[in-house]
Amino acid sequence: MTKTRAAARLPLNEILCGDCTEIMEGLPEASVDLIFADPPYNLQLKGDLRRPDNSRVDAVDDAWDRFASFEAYDTFTRAWLAAARRILKPEGAIWVIGSYHNIFRVGAALQDQGFWILNDVVWRKSNPMPNFRGKRLTNAHETMIWAGRDQGAKYTFNYDALKALNDGVQMRSDWVLPICNGHEREKDAAGEKAHPTQKPQSLLHRVLVGASNPGDVVLDPFFGTGTTGAVAKMLGRDFIGIERDQGYIDVARARLDRVRKFDRTALEVTAGKRTEPRVPFGQLVERGMLRPGEMLVNGRGQQAKVRADGTLVVDGLKGSIHQVGAALDGAPSCNGWTYWSFVRDGQRVPIDLLRQQIRAELG
């Protein structure tokens, strides 16, 4: 195989054919926002798997899932993870999915490489394949590891968007979603399923909505039939796919040609207050929206005077809108924006309305 050279540009919205480690080593450093990886699981299957009626199960027995030993698999894992970490931006993150066959080894390798695990997420399959031999529990889930590039690094987490997606309830780390089947399953030229482990679109939708933003670059080093790319394209993200099997690439390209990006308004998701522009209280004073000497009032009718530097003073207490509010209530903390009001035409008006006015001007 020809050695890859350092890329002069990111090959956005392309599928690159070859070994994922070599190709990632040729991409620019710190250039990718998010990686979703569905590596070989190293299932270690021995012989055919059959149903009770003796019909053969179309299990994962492809060459790409075979490794000579656990040591060989660990060497492979360490290599692609090192290449992946190099191309992630400092605020970037990675999601890796696996089963009990490999996910614990991958998790240890992630930590050894310097990644910082944020969550493990259990994908509980609502329609799992039964255990035909009846010798073990039905394997009804897979595990995803979500990790930041470094400990303490900033990362994208659209908390409010996932909460909205979950009918207003905080998203948990166990996701009940069906496996890929029916019309969603990509077929080859013979009408058979094109890939044995194609992931459902719903799974990637949830990951990308929660952990990336429109315009981000999402890379999948084990692209398969392109679920990551298809969902990224729909959601207004750029993708880079890496796949060494030309047959899978052909299916993925045909699939991506059918995908249409959602319109701009459909790409917008619910944003929390923490994502809104920060507005210091002093800016209200600077702009004359509140004047030095004006009185603010809390819910019990206690008043505090606004000073020229944006602090408040009352009964010898001096400090920010938050500090003075907390001191008056004897509380450890206070949200001064919702605690204080000013009076206009005999009516109390929350100072937060003035903050929202400035945020609206900031867009």
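These numbers were taken from a predicted model, which means no experiment stands behind them.

## Quick look at the nonpolar core
Grouped burial of nonpolar side chains is what soluble globular proteins tend to show.
For step 1, the next point in the chain: Ranked by size, the top nonpolar core spans 36 residues in total, and within it Trp95, Met144, Trp175, Leu203 and Leu208 carry the most contacts.
For step 2, the next point in the chain: Of the residues forming this core, the biggest block, six residues, is contributed by helix 5 (residues 201-211).
For step 3, the next point in the chain: Counting residues in hydrophobic clusters, the runner-up holds 30 residues, among them Leu27, Ile145, Ala147 and Ile242.

## Here we look at the pattern of salt bridges
For step 1, the next point in the chain: By the definition in use, this model includes 14 salt bridges.
For step 2, the next point in the chain: One salt bridge connects arginine 149 with aspartate 150, and the closest N-O pair in it is separated by 2.8 Å.
For step 3, the next point in the chain: The shortest N-O distance in the salt bridge between glutamate 294 and arginine 344 comes to 2.5 Å. Within this pair, whereas glutamate 294 is found in the loop between helix 9 (281-286) and strand 9 (295-297), its partner arginine 344 is found in strand 13 (residues 341-344), the two being separated by 50 residues in sequence.
For step 4, the next point in the chain: Arginine 344 gets classed as partly exposed once you look at its relative accessible area, which sits at 34%.
For step 5, the next point in the chain: Through salt bridges with shared partners, one network takes in Arg85, Arg149 and Asp150.

## Comments concerning helix 6 (residues 227-234)
For step 1, the next point in the chain: Judged by how many residues are buried, helix 6 sits mostly within the fold: seven of eight residues are covered.
For step 2, the next point in the chain: Burial in helix 6 covers these residues: Thr227, Thr228, Gly229, Ala230, Val231, Ala232 and Met234.
For step 3, the next point in the chain: Along its buried surface, helix 6 packs onto strand 2 (32-37), helix 5, strand 7 (217-220), strand 8 (238-243), helix 7 (246-258) and helix 8 (264-267).
For step 4, the next point in the chain: Once helix 6 ends, the next one or two residues include glycine 236, with phi positive near 75°.

The rules behind these values
- Residues numbered from 1 in each chain as written.
- Predicted model: local features only at pLDDT ≥ 70, side-chain atom pairs only at ≥ 80, totals over all residues.
- Heavy atoms only, no water.
- Core = buried A, V, L, I, M, F, W, Y, C linked by side-chain atoms within 4.5 Å.
- Buried < 20%, exposed > 50% of the residue type's maximum accessible area, 1.4 Å probe, protein only.
- Helix = DSSP H or I, 4+ residues; strand = E, 2+ residues; numbered from the N terminus.
- Salt bridge = Lys/Arg side-chain N within 4 Å of Asp/Glu carboxyl O.
- Contact = heavy atoms within 4.5 Å.

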